[in-house]
Structure formats: C-alpha cells, structure tokens
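Observations on the model geometry
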Protein chains: 2
Amino acid sequence: MKKYIPILKRTQLFSGVGEEEIGAMLNCLQARICTYKKGEYVLRQGEHTDTLMVIAEGKLHIQRDDYWGNRSIINMVSAGEMFGEAYVAPESGALMNDVLAVEDSVVIFFDVKRIITVCPTACRFHSAVVQNLFFAISEKNRRLVQKITFMSKRTTREKLIAYLSEEAKRNNSSEFSIPFNRQQLADYLSVDRSAMSNELCKMRDEGMLEFEKNRFVLHDAVTA
Amino acid sequence: MKKYIPILKRTQLFSGVGEEEIGAMLNCLQARICTYKKGEYVLRQGEHTDTLMVIAEGKLHIQRDDYWGNRSIINMVSAGEMFGEAYVAPESGALMNDVLAVEDSVVIFFDVKRIITVCPTACRFHSAVVQNLFFAISEKNRRLVQKITFMSKRTTREKLIAYLSEEAKRNNSSEFSIPFNRQQLADYLSVDRSAMSNELCKMRDEGMLEFEKNRFVLHDAVTA
DNA sequence: TCATTTCCGTTGTAAAAACAACAGACTTGT
DNA sequence: ACAAGTCTGTTGTTTTTACAACGGAAATGA
C-alpha cells in the first residue's frame with residue numbers, strides 16, 4: 001500500500017496533499033487495493049458500490065453492452081483519475097455500466113462517506129480532498145457533456161470531426177494520439193466500425209487529415 | 001428574496017436545512033435573483049460563470065445549436081433543481097452550451113466558492129449543503145450517462161424504447177407524461193423530428209404503446 | 001372572435017448507416 | 001519461427017435516417 005503513496009500524490013483527488021498526510025488518510029478512508037488483468041471486470045452492471053475508486057496504474061473503460069451485443073463506451077479512465085463518484089449518493093441504485101480493465105490495472109478503493117462527512121478530528125487536508133473531489137466530478141460532468149456533443153452530430157463524419165478537433169484542442173496541436181483503437185473509437189462514438197473506418201479513409205483521401213494507427217494529423221479544414 | 005426561502009427549503013441544495021439557516025446563508029453565499037421570460041437565455045455558449053444556479057420557478061433547457069442549426073438538448077432542469085455545478089472548477093473554461101428558459105423562470109445565483117470553501121465561522125448547516133451539492137452533481141452525472149445510453153442506440157425506435165421505458169421506470173407506472181414536446185424530444189434524442197414522429201406512430205400501430213400529446217402508455221412488449 | 005403561429009403527423013426521395021463478409025498486415029504467445 | 005488471433009480497411013447490399021414539403025388540428029394572442 002505504501003508504495004502507491006507517491007502515485008496517489010499525483011492524482012486529482014490528492015492534489016496539493018503531502019505524502020505524510022496521504023499516508024495518514026489511507027487509514028481514515030479505509031483504503032483497499034485490488035489488481036486486475038487486462039480483460040477483467042472491476043465492476044459489473046447491476047452491482048452496488050459505495051466506494052470511490054482511484055486508478056493507480058492502467059486504464060479502464062466504463063461501458064455497457066446491450067442485448068444485441070452492441071457495446072457503448074461511456075468513458076475512459078486512466079491512471080491518476082477516479083470513478084464511482086456518481087454512485088456515492090444513498091439512493092443512487094445499481095450500477096448502470098460495466099467497468100472493464102483494458103490494461104493490467106491497479107485500483108485503490110476508498111470509503112467515500114468518510115470523505116464527504118467532514119471528520120471532526122485532525123485531517124488538516126481533508127477539506128482540500130473534498131474540493132479536489134468536487135472539481136473532479138465537475139470535470140467528469142463536462143467530459144460527459146462533451147461526449148454527448150460528439151454523439152449528437154447527425155453523421156459519422158461530423159462525429160469524427162467533432163471528436164478529433166476536440167482532441168487537437170486538448171493537445172494544443174493538430175498532431176496527437178488518441179487512446180482508442182478503431183473498434184473502441186466506434187464504440188465511443190456509437191457508430192459502426194467499418195463504416196467509420198471507411199469514412200476516415202475518405203476524409204484522408206480528401207486531404208482533411210492523415211493518420212497511422214492511433215496517431216492523427218488534422219489539416220486546416222478540420223481544425224478551423 | 002425572502003419570499004423564496006420556503007421554495008429554497010424544498011430544493012436539493014438546501015434539503016434538510018431550516019428556513020432560518022437558509023436566510024442566514026443567503027448573505028454568506030451572496031445570493032442574487034434574476035427572472036427570465038420564456039424564450040430568454042440565462043447564459044450563452046462561450047460565456048464564463050462561477051456561480052451555482054438554483055431554479056426557484058420555471059424550467060430551463062441546457063442545449064447547444066451547431067452551425068447547421070441542429071439543436072441538441074443536453075439536459076432539462078426544473079424548479080428545485082440546479083445547474084452550473086460543472087463550471088465551478090477554476091480551469092473549467094467557457095460554457096459549452098446555451099441555457100434557455102422554456103418557461104417563465106426565476107433563477108437564484110450563489111457564489112459557489114463560498115459553498116465549497118468550508119467557512120470556519122458559524123454555518124452549522126454548511127456541511128449539509130456541501131453534501132447536498134455533492135449528491136446533486138453526482139445524480140446529474142448519472143442522468144447524463146443515462147442520456148448517453150439512449151443516444152447510443154442505433155435506431156430511432158431503440159432510442160425511443162430506451163427513453164420511454166426509463167421514464168416508465170422513474171414514474172413506477174406504464175402510464176406517464178414526458179416533459180418534452182415532439183421537437184424537444186427529437187432534439188434530446190438527437191434524431192429528426194418527422195422521422196421520430198413516424199416511428200412513434202408505427203409503434204402505436206403495432207400495439208406497442210399509446211400516446212396523446214405528451215402522455216404515454218406503454219404496453220407489455222415495451223416494458224418487458 | 002378571428003388571424004397567426006405552433007405543433008404534429010404524413011409522404012416521398014436522397015443520403016447515410018448498419019450489417020456482413022473478407023483479405024492483408026500486424027501482434028502475440030509458444 | 002510459426003501458428004493463432006487481432007486489427008484495419010474494403011466492398012456490396014439492405015435498412016434506416018435525414019430532409020423537404022405539406023395539411024390539418026390545436027393553441028395563442030390581439
């Protein structure tokens with residue numbers, strides 16, 4: 001557990017909190033560690049959880065498969081980020097999604113009630129953690145809205161443009177890598193993979209962009 | 001301002017807080033009131049805000065219009081609910097959406113920094129408000145994910161079924177009203193209104209459901 | 001009350017997406 | 001090094017959607 005303190009120090013949740021304080025909080029927040037191999041599920045749809053989870057290593061997908069096998073990737077969570085904030089309210093009910101490790105991952109569980117119930121004792125940095133948590137969930141909110149903005153476009157091409165230009169903006173560069181392979185990107189944008197692949201190649205042939213694997217370069221027409 | 005205290009008492013944000021405490025907090029949180037006529041914008045895309053807003057009366061749409069005039073309704077916010085939580089973080093940037101009053105509305109603005117910065121002085125109920133805020137934003141998160149689940153369906157029919165059966169579940173009844181007219185529902189699900197209208201009528205003809213205006217009755221095949 | 005506007009369903013056509021099936025390049029593990 | 005599996009692009013067909021245009025019913029407002 002102690003070996004992860006330096007990692008935790010660089011997460012959103014513990015930003016601005018010293019290593020000693022984190023060490024002290026681990027007990028207070030009843031931290032537990034679990035490791036998952038690529039392809040394993042951290043949580044399944046229908047389960048209940050009341051913990052906040054921080055990714056120490058690896059990468060997870062928050063996703064959902066429907067009756068027909070169509071997969072929808074709701075969100076991607078990387079090392080340093082967290083998830084489960086949406087289910088901390090008492091009446092939040094069962095999980096709507098699966099949580100899948102897409103890389104070998106290490107996840108640290110925290111008792112979230114301990115975080116939002118301000119502990120009357122020590123914990124000088126507790127309020128900093130509350131603020132961090134608040135900012136993080138607020139940011140996640142914006143990310144979901146952004147995803148909705150991509151998905152709300154009518155055509156696959158528009159969805160791709162919306163997504164790729166946002167990624168370019170985030171990276172401050174017209175050249176960037178995306179964290180998805182083709183199938184995952186299609187699942188994220190809720191379109192058919194082959195149709196999307198086809199559209200990407202058309203866009204390339206029209207000179208809008210270049211790509212190789214998950215590395216993209218947008219040309220002026222797209223970024224404008 | 002005082003006249004809204006009984007209303008505020010029944011909002012998510014002030015749940016469990018007495019009227020006297022709310023009155024005291026109004027100053028602490030620098031509350032301001034604004035009224036909007038149906039059709040007026042509360043906020044526009046690109047603006048900046050660092051306030052939390054509670055709807056005392058009326059109804060708002062969080063939405064976005066693109067270059068081609070396609071409107072996407074991200075979310076609907078009714079009396080007693082709040083919005084703006086996603087933009088309280090310092091680096092949250094400009095608003096991605098418009099906020100439109102779809103009914104005559106009264107909105108109360110709060111300085112959110114005052115809320116999440118635990119005031120060292122009195123405010124016995126401050127921590128209750130922090131928790132309420134946390135639960136509210138967490139619930140909004142789940143609603144966004146739910147909307148994504150609707151939108152991720154491949155066909156208009158599947159989107160309708162996903163949305164309508166969720167509404168039935170929320171109402172604990174196969175008979176319920178929806179808060180949208182046809183155009184708004186289409187904008188919410190990101191589909192064409194006429195195509196959606198067409199699909200709804202087909203579903204009715206096939207005996208899956210009945211409707212009149214915004215009142216729906218689902219039959220077994222749909223709810224199952 | 002009457003004129004105007006909004007709302008909703010209908011139809012036909014053109015465009016786009018889903019789907020299925022396949023082949024080559026590349027990875028992976030043994 | 002080789003076999004098995006994965007990833008990506010390609011093509012053709014079918015289904016679905018978007019789009020445009022219209023008419024009638026209902027709501028609105030002067």
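Since this is a predicted model, take the numbers as computed values, not measurements.

Structural notes on the sheet that holds strand β11 (residues 215–218) of chain A
All names here are of chain A. The three strands lie next to each other as β9-β11-β10, forming an open sheet whose pairing is antiparallel. Where the open sheet ends on each side, the last strands, each with one partner, are β9 (175–177) and β10 (209–212). Between one strand axis and the next, the sheet turns by 20° as a mean value, whatever way the strands run. Contacts from helix α5 (residues 156–171) reach β9, β10 and β11, with the element oriented near 100° to β9.

Section: the packing of aromatic side chains
Going through the model one piece at a time under the given rule, you end up with 15 aromatic pairs over all chains. Following the ring pairs from residue to residue traces out a cluster consisting of F150(A), Y163(A), F180(A) and Y188(A). Above the plane of the ring of Y41(B) lies R44(B), whose end atom (NZ or CZ) is 3.8 Å from the centre.

What about the protein's contact with DNA strand C?
In the vicinity of DNA strand C lie 17 residues, with T156(A), D192(A), R182(B), S197(B) and N198(B) positioned nearest. Sugar and phosphate atoms represent 65% of those atoms of DNA strand C found within 4 Å of the protein. A distance of 3.5 Å separates a phosphate oxygen of DNA strand C from a polar atom in the side chain of K213(A). A distance of 2.9 Å separates a phosphate oxygen of DNA strand C from a polar atom in the side chain of S197(B). Broken down by secondary-structure element, the contributors of at least two residues to the surface near DNA strand C are α7 (193–205) of chain A together with α7 (193–205) of chain B. Take the surface near DNA strand C: its biggest share by element is five residues, from α7(B).

Considerations on the relation of the copies chain B and chain A
Overlay of chain B on chain A (RMSD 0.0 Å): rotation 180°, translation along the axis 0.0 Å. Considering both components of the superposition, the chain copies are consistent with a two-fold axis. Interface overlap between copies is the fraction of interface residues in one copy that are interface residues in the other; for chain B against chain A it reaches 100%, indicating a shared surface.

Section: the side chain of T11(B)
Residue and element names in this part refer to chain B. Along the chain, the position of T11 falls in the loop between α1 (5–9) and α2 (19–28). Relative accessible area serves as the criterion here: at 2%, T11 is assigned to the buried category. Non-local contacts of T11, meaning those with residues more than four positions away in its chain, are made with V54 and G80.

Side note on the interface of chain B and chain A
Size of an interface, as often reported, equals the accessible area lost when the parts are brought together. The interface of chain B with chain A comprises 42 residues on the first partner and 42 residues on the second. Buried area between chain B and chain A, both sides added, is near 4000 Å², and the carbon and sulfur share of it is 66%. Among the residues chain B hides against chain A, the three largest losses belong to F134(B), R142(B) and R154(B). Together they make up 18% of the total. On inspection of chain B and its partner chain A, the count reaches two salt bridges. Here D66(B) makes a salt bridge to K153(A), at a shortest N to O gap of 3.7 Å. Scanning the region where chain B abuts chain A turns up seven residue pairs in polar contact (both at pLDDT 80 or more). Elements represented by at least two residues in the side of chain B that touches chain A include exactly β5 (71–78) and α4 (126–151) of chain B. The element contributing the most residues to the side of chain B that touches chain A is α4(B), with 17 residues.

Overview of the sheet that holds strand β4 (residues 59–65) of chain B
Residue and element names in this part refer to chain B. Strand order across the open sheet formed by four strands is β2-β7-β4-β5, with antiparallel pairing between neighbours. Edge positions in the sheet fall to β2 (41–43) and β5, since each of these pairs with one other strand and no more. Ignoring strand direction, the axes of neighbouring strands in this sheet form an average angle of 30°. Sheet topology note: the β2/strand β7 (residues 98–101) ladder contains two bridges and is antiparallel. When the sheet's bridge partners are listed, Y41 is paired in β7 with L100.

Quick look at the domain arrangement of chain A
All names here are of chain A. Here chain A is partitioned into domain 1 (2–149) and domain 2 (153–223). Each of domain 1 and domain 2 was reduced to a C-alpha centroid, and the two centroids are 28 Å apart. Contacts between the two partners involve 11 residues from domain 1, matched on the other side by eight residues from domain 2. For the domain 1 and domain 2 pair, buried surface summed over both sides reaches about 840 Å², with 53% attributable to carbon and sulfur atoms. If you sort the residues of domain 1 by the area they bury against domain 2, I73, K147 and T149 come out on top, with a joint share of 43%. If you look at where domain 1 meets domain 2, you find zero salt bridges. Between the two partners, domain 1 and domain 2, sit four residue pairs in polar contact (both at pLDDT 80 or more). The set of elements that each furnish at least two residues to the side of domain 1 that touches domain 2 consists of β4 (59–65), β5 (71–78) and α4 (126–151). Looking at the side of domain 1 that touches domain 2 residue by residue, the class counts come to four nonpolar, four polar and three charged.

A closer look at the protein's contact with DNA strand D
Lining the immediate surroundings of DNA strand D are 18 residues, of which R182(A), S197(A), N198(A), F211(A) and T156(B) lie closest. Considering DNA strand D, the proportion of its atoms within 4 Å of the protein that are sugar or phosphate atoms stands at 66%. Within the side chain of R182(A), a nitrogen or oxygen atom sits 2.9 Å from a phosphate oxygen of DNA strand D. Contact distances for DNA strand D include 3.3 Å between a base nitrogen and a side-chain N or O atom of S194(B). Contributing elements (two or more residues each) for the surface near DNA strand D: α7 of chain A together with α7 of chain B. Of all the elements, α7(A) adds the most residues to the surface near DNA strand D, at five residues. A per-class count over the surface near DNA strand D returns four nonpolar, eight polar and six charged.

The rules behind these values
As a convention, each chain's residues are numbered from 1 in the sequence order in which they are written. For naming, the first written chain is A and the first written ligand is 1, with later ones following in the order written. Since the coordinates come from a predicted model, pLDDT governs what is reported: local features require at least 70, and pairs of side-chain atoms require 80 or more to be given and counted, while whole-chain, interface and lining totals use all residues. For side-chain calculations, the full set of non-hydrogen atoms in the structure is used, while hydrogens and water are omitted. Only strands that DSSP links by at least two bridges are regarded as paired with each other. Counting from the N terminus, the helices are DSSP H or I runs at least four residues long and the strands are E runs at least two residues long. For helices, the axis comes from a line fit to the C-alpha atoms of the stretch in contact; other axes are also lines fit to C-alpha atoms, and the angle between any two N-to-C directions lies between 0 and 180 degrees. Any pair of residues with heavy atoms lying within 4.5 Å of one another is described as a contacting pair. Planes of paired rings set the category: under 30 degrees apart is stacked, over 60 is edge-to-face and the rest tilted, where pairs are Phe, Tyr or Trp rings (Trp by its six-membered ring) whose centres lie within 6.5 Å. Working rule: Lys NZ or Arg CZ, within 6 Å of ring centre, within 35 degrees of ring normal, means a charge sits over the ring. A cutoff of 4 Å decides nearness: a residue is near a molecule or strand if any of its heavy atoms lies inside that distance of it. Contacts described as polar in this section are N or O atom pairs within 3.5 Å, which, within protein, must combine one atom able to donate a hydrogen with one able to accept it, while residues neighboring in sequence count only if both atoms come from side chains. Here the copies are matched by least squares. The fit uses the C-alpha atoms of residues with pLDDT of at least 70 in both. Exposure classes here rest on a 1.4 Å probe applied to the protein chains alone. A residue is buried below 20% of its type maximum, exposed above 50%, and partly exposed in between. Accessible surface is computed with a 1.4 Å probe, and the buried area is the amount of it that two parts give up when combined, taken over both parts together. Counted as salt bridges are all cases of a side-chain nitrogen of Lys or Arg within 4 Å of a carboxyl oxygen of Asp or Glu. Boundary definitions for the domains trace back to an automatic or database domain assignment. Basically, the charged four are Asp, Glu, Lys and Arg, the nonpolar ten are Ala, Val, Leu, Ile, Met, Phe, Trp, Tyr, Cys and Pro, and anything else, Gly included, counts as polar.

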